[in-house]
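# Commentary on secondary and tertiary structure
The residues making up each chain are set out below.
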Amino acid sequence: MLELLGISVLALAALSAVFLVALVLKRSRLAREEQRRETLEERVRPFALALVDGEAVELPELSTEERAMLAEAIGRLSRNLTGDARGRIGRYFAGTSAYAAEIAALRGRRVWRRATAAYRLGDMACPEAVPELLRALEDRDADVRAAAARSLGRLGRPEAAEPLVRVLVDGTVPRALAFRAVLDLGPAALRALRGLARADDPDERAEAAELLGWLGDAADDALLIEAVGDPSAEVRAKAAGALGRLASADGAEALTEALGDRIYFVRLQAARALGQVGERAAVPRLLRQAREDRFEAARAAAQAVARVDPAALLDAAAEPDAGPHLHEAADLLRV
Amino acid sequence: MTVLYDLAVVIAALSLAYFAALNLVYLVFTAIAWRSLARHLRARGHAADDEVFASPVTPPVSVLVPAYDEEPTIVQSVHSLLALRYPEHEVIVVNDGSRDGTLERLQDAFDLVPVRKALRVVIPTAAIRGVYVSRRNRRLWVVDKVNGGKADALNAGVNASRYPYILAIDADAILEEDSLLRVVRPIVASPDLVVATGGIVRIANGCRIDHGRVVDVRLPTSRLAILQVLEYFRAFLIGRVGWSHMNALLIVSGAFGLFRRSLVEAVGGYSSETVGEDIELVVRLHRHLRERDEAYRIEFVPDPVCWTEAPESMGQLSRQRRRWHRGLGETLWRHRRVAGNGRYGVLGLAAVPYFLIFEFFGPIFEVLGIPVVLGWWLLGDLSGVYLAGFLVIALLVGVVLSLAALTLEEHSFRRHRDGRDIARLVRFSVLENLGYRQLLSFWRFLAFYDLLRGRRAWGEMSRKGFRTVPEAPLPPA
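Summary of the structure given here. (Residues numbered from 1 in each chain as written. Chains lettered and ligands numbered in written order. Predicted model: local features only at pLDDT ≥ 70, side-chain atom pairs only at ≥ 80, totals over all residues.)

## Points about the overall build of chain B
Within chain B one finds 15 helices and 12 strands. Of the contacts made within chain B by residues no fewer than 6 positions apart, 79% connect residues no fewer than 24 positions apart. (Helix = DSSP H or I, 4+ residues; strand = E, 2+ residues; numbered from the N terminus. Contact = placed C-beta atoms within 7 Å.)

## Structural notes on the environment of Val44 of chain A
Residues and elements named next belong to chain A. In this structure, Val44 sits in helix α1 (residues 2-53). A count of 22 C-beta atoms within 10 Å places Val44 in the buried class. Sequence spacing of Val44 and Gly229 is 185 residues, and the spatial spacing of their C-alpha atoms is 58 Å. Setting aside chain neighbours within four positions, we find Val44 in contact with Glu66, Met69, Leu70 and Ala73. (Buried ≥ 20, exposed ≤ 12 C-beta atoms within 10 Å, placed from the backbone.)

## Regarding the packing of helix α4 (residues 97-106) of chain A against helix α5 (residues 111-124) of chain A
Residues and elements named next belong to chain A. The geometry of α4 relative to α5 is characterised by a closest axis approach of 8 Å and an angle of 140° between their N-to-C directions. By the angle class used here, α4 and α5 are oblique. Handedness of the crossing formed by α4 with α5: left-handed. Where α4 abuts α5, its residues Tyr99, Glu102, Ala105 and Leu106 lie against Arg113, Arg114, Ala117, Ala118, Arg120, Leu121 and Met124. (Axes fitted to C-alpha atoms, helices over the stretch in contact; angles between N-to-C directions. Parallel < 35°, antiparallel > 145°, perpendicular 65-115°, else oblique. Left-handed = near helix turned anticlockwise from the far one by under 90°.)

## What to know about unusual backbone geometry
All names here are of chain B. Phi is positive for Asp293, close to 55°, though the residue is something other than glycine. Of note, the phi angle at Arg414 is positive, near 45°, even though the residue is not glycine. Tracing the backbone shows Arg414 in the loop between α14 (384-412) and α15 (419-453). Residue Arg414 is classed as partly exposed on the basis of its C-beta count, with 15 C-beta atoms lying within 10 Å.

## Here we look at the interface of chain A and chain B
In this complex, chain A contributes 42 residues to the contact, which on the side of chain B involves 43 residues. Among the elements of the structure, α1, α5, α7 (142-155), α9 (175-185), α17 (295-308) and α19 (323-334) of chain A are those that each provide at least two residues to the side of chain A that touches chain B. Take the side of chain A that touches chain B: its biggest share by element is 15 residues, from α1 of chain A. For the side of chain A that touches chain B, the class distribution of residues is 27 nonpolar, 5 polar and 10 charged. (Nonpolar A, V, L, I, M, F, W, Y, C, P; charged D, E, K, R; others polar.)

## Digging into the sheet that holds strand β7 (residues 174-175) of chain B
All names here are of chain B. Spatial strand order, β3-β4-β5-β2-β1-β6-β11-β8-β12-β7: 10 strands in an open sheet with mixed pairing. What marks the edges here is a single partner per strand, and that holds for β3 (112-115) and β7. Direction of pairing for β7 relative to strand β12 (residues 297-308): antiparallel, over a ladder of 2 bridges. Counted as the bridge partner of Ile174 is Trp307 from β12. (Pairing = 2+ DSSP bridges.)

Any functional reading would require information that these geometric values do not contain.
Listed below in structure tokens is the structure:
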């Protein structure tokens, strides 16, 4: 027993010493590393900026470490850039060992390395990486899929639109990321979205309708007006929201009709959209909805009236049966 | 006499068994935490926070701030909350019948005007006296109500909130700019699965604060607060990471917790029947979801930071710990059916029994164990060598666990940049085992008396306010 006590004391003392040494070593190593990175970054930063700005620059002989830091610095700059500057970044990276290393890592065994590679390929802006990233969209790990979706959005190639909407629909990539990635594609995604708006799967139709509200134009009005009559409530709501976002005057009639939808969140989206469209003819129905509908739909209706016809709102709020939503909207109008 | 002697031997044996088991659990959790945090750190290389921030479908959040006599810190806190980097959020301060100038300070700083706000009365609360919106920032709402306690104030906030997720935060807390974006990450990744998340709470005493932001992380000058810094490292970086890994997190800190609003409403909101409304809500959510066989996760996220003011006097710390322990006891009693019940999976078979035996009854073993073992030694039945051996082991285990947490912090987040701060923390890793831990156990032991007396009060917690950069004026909200 005494021996056991002695061994325990020694073991714990040794463990304490290990942690203490680890703490000291870690701290000094990290401090050194931080300083070295700062120095390296300072050295390569002018080259990174010159490359991004399209200045003719002759790179000096760089060490492996410096090349890696240059790649990292350019990658970081790339996150805030679009257009020509990104094109220059893509041309710089194409064929470099840094690009080849990330492509190889994307096929590697370690999950975190695959995910990091997928992420960095988006910053490298090489369109050649698209096929590999599309493959990574089907990776067994969620982090890798998410990073690939993000990078495909950054690369802005139209062939990524349909796969991105599909991962958005089947939920294999977080919705916020997949949605953002499709938006990042911009008009390049429109053709695919217009096709998907007529897909058999109601979830695909719903996502396509919502995205058209962000990326589409007046040419999409007819498609979206038709979608407001879709059998799926999700599609009807998303289409109503999209018409509002596009401020489609042509959609006002369909939206007013949607105020009578049996599903409350369709009514909610229709009311909100009518506020964005500015449809004065819908004000009496919006006022009724603000008095009688479920909480969120009523609030949306009251706020829509505040946008479309402030005077009508103030009059209605003064009536005895106005209800809390008209009171709130009227008070906010006065703030 | 024999009976008493036998009882003492039993208590001593139980105390030793408790001590061995508890530390074994801690060591296992330390190993789990190292692994989890290493994975978390690697994931930072591909975290798409900018994309989540820029996504129009990132879920909007209502930030709820229950405030009772928070005059010294409330304006700074609200500034920091309004400045959070997040695509869409509102801040709802619930003034819970404060007796000081909390409401007036808010009115002056944010130009509040009364609004007849439509409130969903999903959860009953004490009477609402008025609702205000800020003319300077329309995302700030203030609900003024009759005092009903923290849980009641949070419920009023839930009723007033517009968005599908609520973030409950203490009025004396300061969130870092990206904290909300980070704490919402698991929900963005799995919105159908993750129902609640919590971030890390760190101690702001000693730090320099500028316009609601921590700009310089320093250790407090108060020794009592430094001891709490270490304690928080252990609790969050080891305890919560471990339980979260097992999906059996019982505590999402009331100072910084994000919840799916519809679920909070479904279970009836925060309970005013306990002073541990945060732990009670989380246990109730676990029960609600497990009884319905629903897949879910409640997660701890280690990098979003909430800075808070720690008590610096013995009296305040004692009251805080007695209150926390009372809250734990009330929660465990209310959900006693869960303990050891296989129907609740790891919650019933591991988490609740652990909290019952080690956290709730722990102080009994710790407080009674020491005199009994000493008595045993005085009677000559325990050799001095064994006694010394056990005491040294107890000290070393405590030191190992604190150093492990400190190393973990240094390996991962490195908030304390000044090497002298780390050296002080190492010194306190030893010192805390020579009195502080025993004192905490004693205070928690006293909570049994409070429980038996049926004490319900929260106790006073006076605020010093944060150490701020004085010269510059506040920016427009």
